[in-house]
Amino acid sequence: MPLTENDYNYLKDNYMSYGECLLCLCIARSTLQQHIREGKKFNRPGDTLILPSKKRVFLKEAVSREVARVMEENGITG
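Keep in mind that this is a model prediction, so the values were computed, not measured.

About the criteria used
Residues numbered from 1 in each chain as written. Predicted model: local features only at pLDDT ≥ 70, side-chain atom pairs only at ≥ 80, totals over all residues. Heavy atoms only, no water. Phe/Tyr/Trp six-rings, centres within 6.5 Å; stacked < 30°, edge-to-face > 60°. Lys NZ or Arg CZ within 6 Å of the ring centre and 35° of its normal. Pairing = 2+ DSSP bridges. Helix = DSSP H or I, 4+ residues; strand = E, 2+ residues; numbered from the N terminus. Axes fitted to C-alpha atoms, helices over the stretch in contact; angles between N-to-C directions.

## A word on the packing of aromatic side chains
For the structure on display, the rule yields three aromatic pairs. Among the aromatic side chains, those forming a connected cluster through ring pairs are Tyr18, Phe42 and Phe58. The ring of Tyr18 has Arg29 lying over it, and the distance from NZ or CZ to the ring centre is 4.0 Å.

Structure below.
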């Protein structure tokens, strides 16, 4: 089933592409894929979606959570 304009607008406003996520987290694609498979990252419902085109997108809020977690692990507080 193709995405409607409302679906597209919702995704555009609330999700980011794989490439954008990798840039935010400064992580290699293969490492991120492994962490997702192991349930270490983006394990809450809705954190990631796989679109009909087979592309994965990431909830912007979830990416922000992961960035904050990584910063905290490295002793950076904001």
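## Digging into the sheet that holds strand β1 (residues 15–17)
Pairing within the open sheet is antiparallel, and its three strands lie in the order β1-β3-β2. The open sheet has two edge strands, β1 and β2 (48–50), and neither has a second partner. Neighbour-to-neighbour, the strand axes of the sheet open up by a mean angle of 35 degrees, direction not taken into account. Examined bridge by bridge, β2 and strand β3 (residues 56–59) share three bridges and lie antiparallel to one another. What sits directly across from Leu49, in β3, is Val57.

Remember that the coordinates give geometry; whether it matters functionally is a separate question.
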